[in-house]
2 protein chains.
Amino acid sequence: MSVPVTIRDVARLAGVSPSTVSRAISLPEMVNATTRARVAAAVEQLGYEPNRAARGLITGRTGTIGLVVPDLANPFFASLTKAIQARARRHDVAVFVADTDEDPGAEAGLVRALSKQVDGIVLCSPRASDDDLAAFAADTTVVLVNRAAAGIPGVTYDNEDGMRQAVAHLVALGHRRIAWVGGPASSWSTQHRGLGLRNATEELHAVLVPVGNFAPTYEGGMAAADQVIATGATAVVAYNDLVAIGLLARLHSRGISVPGELSVVGVDDIAMSGMAHPALTTIRLPKQEAGWIAVELLLALLDNPDSQQGASGTRSELHGELIVRASTGPVPVPDRQP
Amino acid sequence: MSVPVTIRDVARLAGVSPSTVSRAISLPEMVNATTRARVAAAVEQLGYEPNRAARGLITGRTGTIGLVVPDLANPFFASLTKAIQARARRHDVAVFVADTDEDPGAEAGLVRALSKQVDGIVLCSPRASDDDLAAFAADTTVVLVNRAAAGIPGVTYDNEDGMRQAVAHLVALGHRRIAWVGGPASSWSTQHRGLGLRNATEELHAVLVPVGNFAPTYEGGMAAADQVIATGATAVVAYNDLVAIGLLARLHSRGISVPGELSVVGVDDIAMSGMAHPALTTIRLPKQEAGWIAVELLLALLDNPDSQQGASGTRSELHGELIVRASTGPVPVPDRQP
DNA sequence: TTGAAAGCGCTAACAA
DNA sequence: TTGTTAGCGCTTTCAA
């Protein structure tokens, strides 16, 4: 709309050549303090802003990163997105957001399309196979969140540890039979949470009863509830908070008291969980930190591509923290009367 | 990472000039079917993808739009964002997302920064003044969501009508004294919902008791609850569902029964509302449609800049729909015993 | 420390 | 219908 002001306009006003203006902006040390000041004044006066497309054309960098998430409507990913875009902006980097709508098939296409327009991509909780991920990483710089894959840097949560905390809590309350409502089978988190639960229950002499894979949503939890009840477990760990809250809703309508008859544990600690009835015991995953780290990691990689080869040091593991709320309580006393 | 393939590579392989390749892609009708096929084959074989920065440099279009929202963690905006990016992708347009974190001061800076990098901006629920908005619109093509401003196209909800539905519902249940918990004072929605409530209560012979302005969040609702109780109202309309759910939580801990002693109505119908206890009666605002319309409007404006001048026709108004759930019920019978 | 010149990948006049 | 030419706004050699 307004008049586009170019580097030549600035150069003319400052009485220098365009290349000097360019240097004054990108490599200030390489330019005389006096001229630098003159250029700065001209930039100020004209409100000059370098054209990123033109710069990108020559530097090969767009100043943009891509973000691919399974579902923005899931508060966990909304928080992550918020953190990522905030951190990126600090570095004057813009963020393209793409939502796969939990469709694994859409992932590859989106990554492919994005990769042409960005310097690198943050891929959150991808459902793609390791081979596909490797192909993505060959195409562009990729940082994974919530997923580990050989040779690709990323930030993950220590799911095993989180599940151990959950099981320890439940066992301390007297529970010995614990149901597990998994998320999508292709989800790395599902696999590792399942594994962590298996190990922890074994160590602590409890019995784990997996009830299958469900959509990582409120509806998924509703769908799982009746099977959970049928297991006869006195406690259940859900794939995430959304599923746990769905569980809560269905249990309520089935007349099952929580935690009176069944204790429920989620994972994520989305804001909603504190508001649920009863409030949800959960494993709080640091979402902001994950987003921040992912951005820093990606930008570092872009500035120093070699480091990607440096086998290690490019994966961060964050720890979850058990948040005990009203949805877990002592194991119900078995009825002694026949 | 992979070898960048340019239009010249394609041209060489197809045995034509770069401009023919360019035309075959952008203006297919202008090129012979045979050569077009040859070019297509070469593009396919090489996996050519036009460099958007280069194209943008000359066309002046980036193929990108900006989206500015107050808070991605608010499910209402998450839904909107989801809809907008999905619709934009259909048009092969990428979306930059920026979150102001409910900081009105950040708005101008973000819009300013974005406007250099995008073809146009979708501004959701801006808190800026009309003058600031006009300044933004002078700088770049802007479409407003959830806000009306003279001369700037946009999509809004008919807040007056929504509030009328809410009041009619409450009055039918016997309520005559209705509290109103407003959102940020600078919010257009707050103003128009307040206005709608004032009109509707007047028409229907009820009394409206505004209790002030609060943050549009769960915490805002918690903060407002005690003042709502103090009004002696038998029903309350909250700025949005998040506030209503915060209200619900505080009322619960104060031992006030909903809807036994107080009926609660929200606005938005975020997913969480159906899951609340009691489930929240609310005005459902069509979020997807708003996002879709905003994108279509913006892209239409970009394709035909003149239409922006065409005073009218560039504002859409959507209607909300009352969703009755458990949080509203008959007015409590006044205690007859002294 | 600065300027001149070349060119990033693409599109748009203009010729042919 | 196609090719040639110029140039979008910027950075970056290379010379001065």
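Please read these numbers as outputs of a predicted model, since none were measured by experiment.

Engineer: Just to check I follow, could you spell out the pattern of salt bridges for this structure?
Structural biologist: Pairs may arise between side chains of opposite charge once their charged atoms sit close together. Scanning the model with the defined rule gives 28 salt bridges over all chains in all. Residues Asp9 of chain B and Arg12 of chain B are paired through a salt bridge, measuring 3.5 Å at the closest nitrogen-oxygen approach. One end of the pair is Asp9 of chain B and the other is Arg12 of chain B, both in helix α1 (residues 7–14) and 3 residues apart, which spans about a single turn. Taking relative accessible area as the criterion, Asp9 of chain B reaches 24% and is therefore assigned partly exposed. Residues Arg250 of chain B and Asp226 of chain B are paired through a salt bridge, measuring 3.0 Å at the closest nitrogen-oxygen approach. Taken together, the residues Arg250 of chain B in helix α11 (residues 241–253) and Asp226 of chain B in helix α10 (residues 218–231) connect sequence positions 24 residues apart. The exposure class of Arg250 of chain B is partly exposed, given its relative accessible area of 28%. Here the residues in one salt-bridge network are Asp71, Asp99 and Asp101 of chain A together with Lys82 of chain B, joined through shared partners.

Engineer: I'm lost on the UniProt feature "domain: HTH lacI-type" (unreviewed entry) in chain A in this one. Help?
Structural biologist: Taking the numbering used here, the UniProt-annotated feature "domain: HTH lacI-type" (unreviewed entry) corresponds to residues 5–59 of chain A. Helix makes up 71% of residues 5–59 of chain A and strand 0%, whereas the separation of the span's terminal C-alpha atoms amounts to 20 Å.

Engineer: Would you mind going over the protein's contact with DNA strand C with me for this structure?
Structural biologist: Around DNA strand C, the structure places 24 residues, and the nearest of them are Thr20 and Thr35 of chain A together with Ile7, Tyr48 and Arg55 of chain B. Counting only the atoms of DNA strand C within 4 Å of the protein, the fraction contributed by sugar and phosphate is 67%. With respect to DNA strand C, the backbone of Ile7 of chain B contributes an N or O atom lying 2.3 Å from a phosphate oxygen. Between DNA strand C and Arg55 of chain B there is a distance of 2.6 Å, counted from a phosphate oxygen to a side-chain nitrogen or oxygen. Elements represented by at least two residues in the surface near DNA strand C include exactly α2 (18–26) and α4 (52–59) of chain A together with α2 (18–26) and α4 (52–59) of chain B.

Engineer: Hey, could you run me through the sheet that holds strand β9 (residues 263–268) of chain A in this one?
Structural biologist: Whenever strands of a sheet pair, they do so through backbone hydrogen bonds, lying parallel or antiparallel. Residue and element names in this part refer to chain A. If you walk across this open sheet you meet the 6 strands as β7-β6-β8-β9-β10-β12, and the pairing is mixed. Because the sheet does not close on itself, it has two edges, and the strands there are β7 (207–213) and β12 (321–323). Looking at each pair of strands side by side, their axes are set apart by 20° on average, direction ignored. Pairing between strand β8 (residues 235–238) and β9: 3 bridges, direction parallel. Considered in β9, the bridge of Val237 is made with Val265.

Engineer: I would appreciate a short explanation of the nonpolar core in the present structure.
Structural biologist: A general trend in soluble globular proteins is that nonpolar side chains are found buried together. Core analysis: the largest hydrophobic core is formed by 146 residues, its most contacted members being Val181 of chain A together with Val181 of chain B. Residues in contact with Val181 of chain A, not counting those within four places in the same chain, are Val211, Gly212, Phe214, Ala224, Val228, Val236, Val237, Ala238, Tyr239, Val243 and Leu247 of chain A. Counting 36 residues, the second-largest nonpolar core is a separate cluster that includes Ala98 and Val111 of chain A together with Leu110 and Ala128 of chain B.

Engineer: For this particular structure, what's the right way to read the relation of the copies chain A and chain B?
Structural biologist: Comparison of the two chain copies shows a relationship of rotation about an axis with a shift along it. For the pair chain A and chain B, the best superposition has an RMSD of 0.1 Å and corresponds to a rotation of 180° with a translation of 0.0 Å parallel to the axis. The transformation just described matches what one would write down for a two-fold rotation axis. Residue by residue, 100% of the interface of chain A is reproduced at the interface of chain B, so both copies engage with the same surface.

Engineer: Help me understand a nonpolar patch on the surface in this model?
Structural biologist: Residues Leu57 and Ile58 of chain A together with Leu57 and Ile58 of chain B make up a contiguous nonpolar surface patch of roughly 440 Å² in combined accessible area. Of all elements in the fold, only α4 of chain A together with α4 of chain B reach the threshold of two or more residues within the nonpolar patch. Here Ile58 of chain B is to be found in helix α4. On the basis of relative accessible area, Ile58 of chain B is assigned to the exposed category, the value being 75%.

Here is what the cut-offs are and how they apply
- Residues numbered from 1 in each chain as written.
- Chains lettered and ligands numbered in written order.
- Predicted model: local features only at pLDDT ≥ 70, side-chain atom pairs only at ≥ 80, totals over all residues.
- Heavy atoms only, no water.
- Salt bridge = Lys/Arg side-chain N within 4 Å of Asp/Glu carboxyl O.
- Helix = DSSP H or I, 4+ residues; strand = E, 2+ residues; numbered from the N terminus.
- Buried < 20%, exposed > 50% of the residue type's maximum accessible area, 1.4 Å probe, protein only.
- UniProt positions renumbered as here; feature names shortened; annotations may be inferred.
- Near = heavy atom within 4 Å.
- Polar contact = N/O pair within 3.5 Å; in protein donor to acceptor, adjacent residues only side chain to side chain.
- Pairing = 2+ DSSP bridges.
- Axes fitted to C-alpha atoms, helices over the stretch in contact; angles between N-to-C directions.
- Core = buried A, V, L, I, M, F, W, Y, C linked by side-chain atoms within 4.5 Å.
- Contact = heavy atoms within 4.5 Å.
- Least-squares fit on C-alpha atoms with pLDDT ≥ 70 in both.
- Patch = residues over 30% accessible without salt bridge, like charges linked within 9 Å, V, L, I, M, F, W, Y side chains within 5 Å.
- Areas by Shrake-Rupley, 256 points an atom, 1.4 Å probe, with all protein chains shown as cover.

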